[in-house]
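Structural overview for review
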Amino acid sequence: MSPITGATRLAAVIGDPVEHSRSPAIHNAAYAAVDLDWVYVALRVPPGRGGDAVRAMPVLGIRGCNVTMPHKEAAAAACDELSPVATVLGVVNTVVLRADGTVRGDSTDGEGLMRALAEAGLDPSERRVAVLGTGGAARAVVLALGAAGAAVTVVGRRPEACASAAALVPGADARPWADLREVMADVDVVVNATPIGMGADEPGGLPAAGPGQWAVDLVYHPARTPFLAASEQAGAAVVGGLGMLVHQAALAFEQMTGRAAPIEAMRRAAEAVGAA
Ligand code: NAP
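Let me sum up the structure you'll find in this document. (Residues numbered from 1 in each chain as written. Predicted model: local features only at pLDDT ≥ 70, side-chain atom pairs only at ≥ 80, totals over all residues. Heavy atoms only, no water.)

What to know about the packing of helix α5 (residues 109-120) against helix α10 (residues 242-257)
The packing of two helices is summarised by the inter-axis angle and the distance between the axes. At a minimum axis separation of 7 Å, α5 and α10 run at an interaxial angle of 120°. What the angle tells us is that α5 and α10 run oblique. Between α5 and α10 the crossing geometry is right-handed. Contact with α5, carried on its side by Asp109, Glu111, Gly112, Leu113, Arg115, Ala116 and Glu119, involves Gly243, Met244, His247, Gln248, Leu251 and Glu254 of α10 and no other residues of that element. Counted by class, the contact of α5 with α10 contains four nonpolar, four polar and five charged residues. (Axes fitted to C-alpha atoms, helices over the stretch in contact; angles between N-to-C directions. Helix = DSSP H or I, 4+ residues; strand = E, 2+ residues; numbered from the N terminus. Parallel < 35°, antiparallel > 145°, perpendicular 65-115°, else oblique. Left-handed = near helix turned anticlockwise from the far one by under 90°. Contact = heavy atoms within 4.5 Å. Nonpolar A, V, L, I, M, F, W, Y, C, P; charged D, E, K, R; others polar.)

Quick word on the pattern of salt bridges
All chains considered together, the criterion is met by 15 salt bridges. Among the salt bridges present, the one from Asp16 reaches Arg44, with a minimum N-O distance of 3.4 Å. With Asp16 in the loop between β1 (9-15) and α1 (23-33) and Arg44 in strand β2 (residues 38-44), this residue pair connects regions lying 28 residues apart in the sequence. Assessed through its relative accessible area of 23%, Asp16 is described here as partly exposed. Between Glu232 and Arg224 there is a salt bridge whose closest N-O contact spans 2.4 Å. Looking at Glu232, the relative accessible area reads 38%, which means it is partly exposed. On the basis of relative accessible area, Arg224 is assigned to the partly exposed category, the value being 48%. Salt bridges linked by common partners bring Arg49, Asp52 and Arg55 together as one network. (Salt bridge = Lys/Arg side-chain N within 4 Å of Asp/Glu carboxyl O. Buried < 20%, exposed > 50% of the residue type's maximum accessible area, 1.4 Å probe, protein only.)

With respect to the sheet that holds strand β4 (residues 81-82)
The mixed open sheet is built from six strands, whose spatial order is β2-β1-β3-β5-β6-β4. Unpaired on one side and paired on the other, β2 and β4 mark the two borders of the sheet. Of the strand pairs in this sheet, β1 and β2 are connected by seven bridges, and their pairing is parallel. Its bridge partner lying in β2, Val13 is registered against Ala42. Packing of α1 onto the sheet brings it into contact with β1, β2 and β3 (62-67), and relative to β2 it is tilted by some 170°. (Pairing = 2+ DSSP bridges.)

Notes on the packing of α5 against helix α6 (residues 136-147)
Where α5 meets α6, the axes come as close as 7 Å, and the angle between the chain directions of the two elements is 60°. When the axis of α5 is compared with that of α6, the two are oblique. Crossing angle aside, the handedness with which α5 passes α6 is right-handed. Counting all contacts with α5, which are made through Asp109, Gly110, Glu111, Leu113, Met114 and Leu117, the residues of α6 involved are Ala140, Val141, Ala144 and Leu145. Of the residues belonging to the contact of α5 with α6, the class tally is seven nonpolar, one polar and two charged.

Re the site of the ligand
As a matter of local geometry, the ligand sits amid 20 residues, with Thr134, Ala137, Arg157, Leu218 and Gly241 nearest to it. Here an oxygen atom of the ligand and a backbone polar atom of Gly135 are 3.3 Å apart. Take Leu245: an N or O atom from its main chain is 3.2 Å from an oxygen atom of the ligand. Across the complex, the protein chains shield 74% of the 930 Å² of accessible surface that the ligand would expose by itself. Counted by class, the shell around the ligand contains 11 nonpolar, six polar and three charged residues. (Near = heavy atom within 4 Å. Polar contact = N/O pair within 3.5 Å; in protein donor to acceptor, adjacent residues only side chain to side chain. Areas by Shrake-Rupley, 256 points an atom, 1.4 Å probe, with all protein chains shown as cover.)

This is the structure in structure tokens:
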């Protein structure tokens, strides 16, 4: 890392909690790899103050912020302009300070997953895809998969949230969690967008995907979730959540700095944090 001077530019992730975020490691590794005099820090912003943090960006000259829980909606509301995807979703995970002092928000999770799938050799166009979960990540992924031409079925526990996620894509289906096995039997790709698999001792878990299917997990810690392990053993192709983490960060890096992202340096940094 370059020594911090008066000319060093600042970027940050805002959230609460935020101390376990991998974003500082990923972005600082990227700055080092392309020799940028930038530094990226984690800022704990209390609930209810996310909008204030975004409005402070032009005042403090913070060039870019990533946004995590619980500020994604408030940050979107505080932006001067939103990307088309962020406008539809009503949330942002990336806010960039522009030269004219205004801030623009975007949601890079969906496109991050699309890049990770492309890297793994999976083109979701005209594939039948089940998305499990109806939270923020699921909604971003449903929208991106729909835009890519996939036939999406959302599977969730809460009927209203499920219908709302499916409504993001014309023709998408909403199915209750009780139908999970039935839905999984009838799709090409299963995307886990719930936290199932993060906890070491949690009961239950997801049924495995099988031969001819893809199992995709958004969970990246552990890198190899029980869902991925069981699906791979059953003959499915698998994609873990780390690729999406790296690519959503790469998209944010590109928007903040205007430079091409050093993907491999960012991936190494993301993996090293997980191994630590
Ligand atoms: P969220 O907004 O809290 O949504 C979680 C969703 O999972 C909700 O629909 C929730 O259902 C459902 N869910 C939780 N436990 C469940 C269970 N036992 N059975 C069935 N459904 C369950 O979280 P999020 O931000 O969308 O994140 C979801 C996961 O994606 C997290 O593990 C996160 O780490 C991961 N993620 C990864 C990346 C990446 O870059 N790889 C990016 C974003 C998120 P209810 O609403 O009914 O509770």
